[in-house]
Amino acid sequence: MIFTTALILSLGSLTLASYTHRQVGAPNTMNYTLYFEENGQVISPFHDIPLFANEEKTLYNMIVEIPKWTNAKNEINKETPFNPIKQDTKDGKPRFISNIFPYKGYIWNYGAFPQTWEDPNYISPYTNKKGDNDPIDVIEVGQSVATVGEIKQVKILGILGLIDQDETDWKVVVIDHNDPLANNLTDIQDVEEHMPGYLNATCHIFKVYKTPGGNPPNTIAFNDTPRDKAFATNIVLETHEYWQSLMNGTTSRGEIQTINRRCNESIYVVDSKNKTIPKVPKAKPKPPAPVDPSSKVWYFGR
C-alpha cells in the first residue's frame, strides 16, 4: 500500500515535493514498519524532513506518529536505518497506551519535530534532568484526526516540561495552521480560553499514563504549568542545535542511525550511488491486526 500526498518542505526556500509511505507488515504488530519516500527514494523523517515549514520560520513540520483517539505506541525508530515509524514494544509485545478514564488513548495528534534531538548528555536547568535521547515530542490540539506518517505544518503555542523515568521529555503544544481554531490560538493561554479543560486533561494523562503498568506517576516541571510560546520556541531551537551537533559528528551518535539523503553539513549524508546504503525492504503492506484487548481496558488514574 503506497500513500501519496503533498508535503511542503522548506530549507531556505519553499519547494513542493511529493512523498509516499512504504508500508511493511501489519499495524498493531511487531513487524509494522512505515518508511518515508520522496520521489521514490527512501528518506529519513528524523533527518531529511526540515524542521521549518516556511521561510519566516514561523511554521514547523510535525511528523504524526500516533493519531488522536488511538492507542498503538508508534514512533520514529532511531535504531533502524532511515528511521521508519515502528510500533514500540514492551515485554516482547507491541505496546499500547492505556485508556485513562474518561479519555480514549491519545487525546491529541501525537508526534515529533524532525531535525531535533533531546541530548542525553545535557542536563536541563529547568528540570535538572538529562534529555531522553529522542526527537522532541509534539502534541497537536486541532480538531482533525491525523494518520500515521502524516506531516502537518503547525505553529507552536507552548510546552510542558514532563519528567518521565528521570529524564526530560518536553511536550510541545502546537496547532495545525489550517485548523479552524488556528487564528484564535497564538499562545498557550489561548488554549485554555478556547478549549477549557484541555490542558488540565493533558497534564493529568502525562502524569498517570504509565501507572497502569505499575510505574509511579510522572511529574511536570513548573508546578504543572505549561510555558508560553517564546519559551517553547527556545527549547525547540535548542534541540535543533543538539541535532546539528549529532549530525556533524560533534556529538557521538551511539546507536542512533544518522544516515540521510540531503543534510549538507552532515558527515552521514549519502546518495543513490553510495554502495554502502542499507537495503530497505520492499513494500509488503498488510491490513491492521486485531488490537490487543488490554488497550480496551479503562483505568481510573489519580
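Residue positions within a chain follow its written sequence, with the count starting from 1. With the structure being a predicted model, the display of local features is reserved for residues of pLDDT at least 70 and the display and counting of side-chain atom pairs for 80 or more, all residues being used for whole-chain, interface and lining totals. Excluding hydrogens and water, the side-chain values take into account all heavy atoms of the structure.

### Describing the pairing of strand β12 (residues 137-140)
Remark: exposure states derive from per-residue accessible area (1.4 Å probe, protein chains only) relative to the maximum for the residue type, with buried under 20%, exposed over 50%, and partly exposed in between. Under the scheme used here, helices are H or I runs from DSSP no shorter than 4 residues and strands are E runs no shorter than 2 residues, and both carry numbers assigned from the N terminus. Burial along β12 is two-sided: the residues Asp137 and Ile139 and Val138 and Glu140 are all buried. Here four bridges tie strand β11 (residues 109-112) to β12, and the two strands are oriented antiparallel to one another. The residue bridging Ala112 from the neighbouring strand is Asp137, located in β12. Whether two strands pair depends on DSSP finding at least two bridges between them.

### Side note on the side chain of Thr116
On the secondary structure map, Thr116 appears in the loop between β11 and β12. Separated by 2.7 Å, the side chain of Thr116 and the backbone oxygen of Phe113 make a polar contact. Every residue pair with non-hydrogen atoms within 4.5 Å of one another is taken to be in contact. Sequence-distant contacts of Thr116, defined by excluding residues within four places in its chain, comprise Phe46, Leu51, Pro135, Ile136, Val236, Thr239, His240 and Trp243. In protein, a polar contact means a hydrogen-donor-capable atom and an acceptor-capable atom, both N or O and within 3.5 Å, with residues adjacent in sequence counting only if both atoms are side-chain atoms; elsewhere, any N or O pair within 3.5 Å suffices.

### A closer look at empty space enclosed by the protein
Definitions used for this entry: grid spacing 1 Å over protein atoms alone; cavity, a set of points where a 1.4 Å probe fits but cannot get out; pocket, an open set with protein on both sides within 12 Å along at least 5 of 7 lines; lining residue, one with an atom within 4 Å of a point. Grid points are joined across faces, edges and corners, and a volume is the space filled by probe spheres set on the points. Within the structure shown, the criterion is met by one cavity of 30 Å³ or more. When its volume is computed, the largest cavity comes out at roughly 80 Å³. If you trace the largest cavity, you find it lined by Glu118, Asp119, Tyr122, Ser124, Lys129, Lys130, Gly131, Thr168, Trp170, Glu238, Thr239 and Tyr242. Elements represented by at least two residues in the lining of the largest cavity include exactly β14 (167-176) and α4 (229-247). Taken together, the residues that form the lining of the largest cavity break down as three nonpolar, four polar and five charged. Amino acid classes used here: Ala, Val, Leu, Ile, Met, Phe, Trp, Tyr, Cys and Pro are nonpolar; Asp, Glu, Lys and Arg are charged; the rest, including Gly, are polar.

### A word on helix α2 (residues 198-208)
One turn of the α-helix equals 3.6 residues, which is why residues spaced by three or four share an orientation. The element α2 is largely enclosed, with a buried count of eight among its 11 residues. Residues Tyr198, Leu199, Ala201, Thr202, Cys203, Ile205, Phe206 and Val208 constitute the buried set of α2.

### Brief notes about the pattern of salt bridges
Salt bridge, as used here, is a side-chain nitrogen of Lys or Arg placed within 4 Å of a carboxyl oxygen of Asp or Glu. The final tally for this structure, using the stated rule, is 13 salt bridges. Between Asp224 and Lys207 there is a salt bridge, with the nearest N and O atoms lying 2.8 Å from each other. You can see Asp224 sitting in helix α3 (residues 221-224) and its partner Lys207 sitting in helix α2, a full 17 residues away along the chain. Asp224 gets classed as partly exposed once you look at its relative accessible area, which sits at 31%. Here the salt bridges share partners, and the residues they tie into one network are Lys78, Glu79 and Asp134.

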